[in-house]
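This is what each chain is made of:
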Amino acid sequence: MRHSLHLTGLAGLVLLQAACGNATPQAAAGQLSGRLVITGSSTCAPLVSDISKRFEGLHPAVRIDVQTGGSSRGIADVTRSIADIGMVSRDLKPSEAAELMPFVFALDGVAIILHANNPIRELADAQVKGIYTGAISNWSQVGGPDAPITVVHKASGRATLEVFLKYFGLKESSVQPDVVIGDNQQGIITVAGNPHAIGYVSVGAAEYEIGQRTLIRLLDTAGIPATTANVHAGKFPIGRPLILLTRKNPPELARHFIDYCRSEAVHDLVQDLYYAPVSAK
Amino acid sequence: MSRSTSRGARAKVADGLVQALVWGTAGTVSAVFLCLVGDLLWHGLAGIDLDFLTQGVERTGRAGGIFPILVSTFLILAVCLAVSIPIGLLTAILLSEFSRRNPTLSRLVGASLDVLAGVPSIVFGLFGNAFFCIALGMGFSILSGGLTLSCMVLPIFIRSVELGLRAVPSDYRLAGAALGMSHTSMLLKILLPAGAPGIAAGLMLGVGRALAETAALMFTSGYADRMPSSLMDSGRALSLHIYDLTQVTGGRPNAYASGVVLVALLLVINLLASWTVEHIVGGRVQRV
């Protein structure tokens, strides 16, 4: 009696498996299951964590673990198969891009900020370059008041630093900073607290802080206003992509999740963290 | 006569100066503490209510609460203490009581502890990730985080307990030996109770270091902010949550609120730990 019951159960299981096997190609909605490990950039992590919660809500059998540790770690973990998806918040080096498949899912603009009371309204690229190399050390040299310029620079290894140096054609060793800071928030607080400071931070973060009446001002770059809208439209010249990357031939679930991260369904989450979403093509 | 009075006056001035200096520095230290706590309370207190303590994380921590984070933090701390306290007590007993029998071993243990105590926490994090998460296959989990923390906490805990035990007057040991007490009962009935202040201090320092830790946990217990369902789940610690919130645009108010919770937690746990050790372990020796 018991024996036969077992057999029926087993047969049922086999049938179920066969049915599932057949169903995988159309398993788009509701049928996804499994576990994804995502590691990398601490800039991307909060956003991807938010998106993965919504994704888990749509697909209850899916579990996504988001971990941080920096862009380079994301690349290393995917390469070593410790993670299914890596998060990177800078351009990939050619050597890194060769082995992996990158997908841009959001954009972050980087712009120059000054203290709100600074009368300077625009700086040419060459002037910014001069200020950061120390060739220009007083605001009077660029049409401002007679006051020494406090140059706020990011710590070595930060993605925004690399983006900034690349656009202005600067070498890290040629920059003469007065203050070295870590993340965007620290940069904004430093400039807001010093009327003669100049710094560069994420456009979205600066826009939010200006909305909070923090005493900073965003400067145009190459005549283009630093706004999230311009970053979104691809007009603003300084920026970095937020990237998800996988090994070649990613698992089904990873591909679904990446598609979801690039879809309109998560634009509100991307904007909620003051980044610009990418429009799905 | 006059020479001695002038000397007396000079001594008085010197005394006054030293007194002012001592009071001044003590006041400065307290002022730094008060400024810090004041700033934290000023910005953070408004954000704390029952919902903040009992709800899940939403909008990357800018909305909702910190309940799953609190649960993860407690679990990580529990794993850490469950491992650290027995190992720590036994090692401290070895170092303080049996070092004369085997000086080379205890010098070796002592030296390695001192080196470990000076290692930056990020190194423990990388080690924990390589050893517990990858080599032992525990993955990003509360267990990996707790074990990594116990590696960090052990050197401090052991050294404090050892100092506490060494501070027990040797008369106690001699008297115990004269009464024919066995090593075990001397340890349990006299040395540990008399060394309770050292154990309490070690526990407080250890808990403090564990709760404040960010770097070692980022790579071990991880970043997941959902409610952990077992020790093998990844769980975000409160300090890591605060660190993450300071990097998220608009996350500052809840970073402050979480900071207030962390400081309150630290105070409560420390008071509880020192009370427990003093009254339950130390109580015995006072009754004698």
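Note that this is a predicted model, so its numbers are computed, not measured.

## Comments concerning the nonpolar core
Point 1. Counting residues in each nonpolar core, the largest one holds 54 residues, and the members touching the most others are I66(B), L149(B) and L238(B).
Point 2. Here the element with the most residues in this core is helix α6 (residues 142–166) of chain B; it accounts for 10 residues.
Point 3. If near-sequence neighbours (up to four positions away) are discounted, L149(B) is found in contact with I76(B), C80(B), A210(B), E213(B) and L217(B).
Point 4. Counting 43 residues, the second-largest nonpolar core is a separate cluster that includes L161(A), V163(A), L170(A) and A192(A).

## Quick notes on the interface of chain B and chain A
How big an interface is tends to be expressed through the accessible area that disappears when the partners come together.
Point 1. Between chain B and chain A, the residue contacts involve 24 residues of the former and 28 residues of the latter.
Point 2. Summed over both partners, the interface of chain B with chain A comes to about 2200 Å²; 46% of that surface belongs to carbon and sulfur atoms.
Point 3. Counting the surface chain B buries against chain A, the share from its top three residues, Y223(B), R226(B) and T249(B), is 29%.
Point 4. Here chain B is connected to chain A by six salt bridges.
Point 5. Note that D65(A) is salt-bridged to R226(B), the shortest N-O span being 2.8 Å.
Point 6. Connecting chain B to chain A are 12 residue pairs in polar contact (both at pLDDT 80 or more).

## Some points on the domain arrangement of chain B
Residues and elements named next belong to chain B.
Point 1. Domain annotation for chain B reports domain 1 (3–47) and domain 2 (50–287).
Point 2. Summarising the inter-unit geometry, the C-alpha centres of domain 1 and domain 2 are found 33 Å apart.
Point 3. Taken together, both faces of the contact between domain 1 and domain 2 bury some 580 Å²; the carbon and sulfur share is 77%.
Point 4. The largest contributions to the domain 1 side of the interface with domain 2 come from L40, H43 and G47, which together make up 65% of the buried area.
Point 5. In this assembly, domain 1 and domain 2 are joined by one residue pair in polar contact (both at pLDDT 80 or more).
Point 6. Considering only residue class, the side of domain 1 that touches domain 2 consists of three nonpolar, three polar and one charged.

## Details of the side chain of S72(B)
Point 1. Among the structural elements, S72(B) can be located in helix α3 (residues 67–97).
Point 2. Apart from residues no more than four positions distant in its own chain, S72(B) is found in contact with I142(B), P228(B), G235(B) and R236(B).

## So, the pairing of strand β1 (residues 34–40) of chain A
Residues and elements named next belong to chain A.
Point 1. With respect to burial, β1 is a largely interior element, five of its seven residues being buried.
Point 2. Pairing of β1 with strand β2 (residues 62–66) involves five bridges; the strand directions are parallel. Within β2, the residue paired with L36 across the bridge is I64.
Point 3. You can see the chain leave β1, run along helix α2 (residues 45–58) and come back into β2, and the turn it takes is right-handed.
Point 4. As paired strands, β1 and strand β3 (residues 85–88) are joined by three bridges and run parallel to one another. The residue bridging G40 from the neighbouring strand is M87, located in β3.

## As for empty space enclosed by the protein
Empty space among the atoms becomes apparent when a probe as large as a water molecule is rolled across them.
Point 1. Applying the stated criterion to the full structure yields four cavities of 30 Å³ or more.
Point 2. A per-element tally of the lining of the largest cavity places α2(A) first, with four residues.
Point 3. In terms of residue class, the lining of the largest cavity is made up of four nonpolar, two polar and four charged.
Point 4. There is about 40 Å³ of room inside the second largest cavity.
Point 5. Surrounding the second largest cavity, T73(B), I76(B), L77(B), L149(B), A210(B), L211(B), L217(B), A237(B) and S239(B) form its lining.
Point 6. Element by element, the count of residues in the lining of the second largest cavity is highest for α3(B), at three residues.

## Some thoughts on the side chain of K154(A)
Residues and elements named next belong to chain A.
Point 1. Examined against the element boundaries, K154 turns out to sit in strand β5 (residues 150–154).
Point 2. Summary of buried charges: K154 has no salt-bridge partner, and the nearest side chain of opposite charge, D183, is 6.7 Å away.
Point 3. A distance of 3.3 Å separates the side chain of K154 from the side chain of T160, its partner in a polar contact.

## Notes on unusual backbone geometry
Residues apart from glycine generally show negative phi values, whereas peptide bonds are mostly found in trans.
Residues and elements named next belong to chain A.
Point 1. At S81, a residue that is not glycine, the phi angle is positive and equals roughly 65 degrees.
Point 2. For S81, the position within the fold is in the loop between α3 (71–79) and β3.
Point 3. Among the residues examined, S81 registers a relative accessible area of 48% and is labelled partly exposed.
Point 4. Here A222, not a glycine, exhibits a phi torsion of approximately 50 degrees, which is positive.
Point 5. Locating A222 in the fold gives a position in the loop between β8 (216–218) and α9 (228–232).

## Side note on the packing of aromatic side chains
Point 1. Enumeration over the complete set of coordinates arrives at 11 aromatic pairs over all chains.
Point 2. For the pair Y167(A) and F168(A), a centre-to-centre distance of 4.8 Å together with 90 degrees between the ring planes defines the contact as edge-to-face.
Point 3. Look at F127(B) and F131(B): their rings are 5.4 Å apart centre to centre, the planes differ by 10 degrees, and that puts the pair in the stacked class. Here the residue F127(B) and the residue F131(B) both occupy positions in helix α5 (residues 121–135), the gap between them amounting to four residues, near one helical turn.
Point 4. For F127(B), a relative accessible area of 39% gives the class partly exposed.
Point 5. Site record: aromatic cluster; members linked through ring pairs are Y132(A), F164(A), Y167(A), F168(A) and Y200(A).

## A closer look at a nonpolar patch on the surface
All names here are of chain B.
Point 1. Where nonpolar side chains cluster on the molecular surface, the patch consists of I122, V123 and L126 and spans about 230 Å² of accessible area.
Point 2. Of note, V123 is situated in helix α5.
Point 3. For V123, a relative accessible area of 40% gives the class partly exposed.

## What about the domain arrangement of chain A?
Residue and element names in this part refer to chain A.
Point 1. Split into domains, chain A comes out as domain 1 (4–108 + 241–277) and domain 2 (109–232).
Point 2. Taking both partners together, domain 1 and domain 2 bury about 890 Å²; carbon and sulfur atoms supply 57% of that area.
Point 3. Our count for the domain 1 to domain 2 interface comes out at one salt bridge.
Point 4. For the salt bridge of K166 with D91, the shortest nitrogen-to-oxygen distance reads 3.3 Å.
Point 5. Counting the contacts that link domain 1 with domain 2 gives three residue pairs in polar contact (both at pLDDT 80 or more).
Point 6. Broken down by class, the residue content of the side of domain 1 that touches domain 2 amounts to five nonpolar, one polar and three charged.

Rules behind the numbers
Sequence order as written defines residue numbering, which begins from 1 separately in each chain. For naming, the first written chain is A and the first written ligand is 1, with later ones following in the order written. Given that the model is predicted, a residue must reach a pLDDT of at least 70 before its local features are reported, and side-chain atom pairs must reach 80 or more before they are shown or counted; all residues, however, enter totals for whole chains, interfaces and linings. Calculated side-chain values reflect all of the structure's heavy atoms, with hydrogen atoms and water omitted. The set of buried Ala, Val, Leu, Ile, Met, Phe, Trp, Tyr and Cys residues whose side-chain atoms join them within 4.5 Å is what this entry labels a nonpolar core. Each residue's exposure class comes from its accessible area (1.4 Å probe, protein chains only) as a fraction of the maximum for that residue type: buried when under 20%, exposed when over 50%, partly exposed otherwise. We count a stretch as a helix when DSSP gives it H or I for four or more residues in a row; a strand needs E for two or more, and each element gets its number in order from the N terminus. Every residue pair with non-hydrogen atoms within 4.5 Å of one another is taken to be in contact. Once two parts are put together, the accessible area they lose, assessed with a 1.4 Å probe and summed over both, is termed the buried area. By definition here, a salt bridge exists when the distance from a side-chain nitrogen of Lys or Arg to a carboxyl oxygen of Asp or Glu is within 4 Å. Here a polar contact means two N or O atoms within 3.5 Å. Within protein one must be a hydrogen donor candidate and the other an acceptor candidate, and residues neighboring in sequence count only if both atoms are side-chain atoms. Segment limits for the domains were obtained from an automatic or database-derived domain assignment. For this scheme, ten residues count as nonpolar: Ala, Val, Leu, Ile, Met, Phe, Trp, Tyr, Cys and Pro. Four count as charged, namely Asp, Glu, Lys and Arg, and the remainder, Gly too, count as polar. In this analysis, strands are considered paired if DSSP registers two or more bridges between them. Convention used here: a crossover is right-handed provided that the path from the first strand, over the helix, to the second strand proceeds clockwise when the strands point away from the viewer. In this analysis, the protein atoms alone were mapped onto a 1 Å grid. Cavities are point sets where a 1.4 Å probe fits without being able to get out; pockets are open sets with protein on both sides within 12 Å along at least five of seven lines; lining residues have an atom within 4 Å of a point. Grid points are joined across faces, edges and corners, and a volume is the space filled by probe spheres set on the points. Counted charges follow a simple rule, with Lys and Arg positive, Asp and Glu negative, and His plus the chain ends left uncounted. Two rings from Phe, Tyr or Trp (for Trp, the six-membered ring) form a pair when their centres are within 6.5 Å of each other. A pair whose planes differ by under 30 degrees is stacked, one over 60 is edge-to-face, and the rest are tilted. Patches were defined on residues exceeding 30% relative accessible area and lacking a salt bridge, with like-charge contacts within 9 Å and nonpolar side-chain contacts (Val, Leu, Ile, Met, Phe, Trp, Tyr) within 5 Å. Here the open area of atoms and residues is found with the Shrake-Rupley method and a 1.4 Å probe, where only the protein chains shown may cover a residue.

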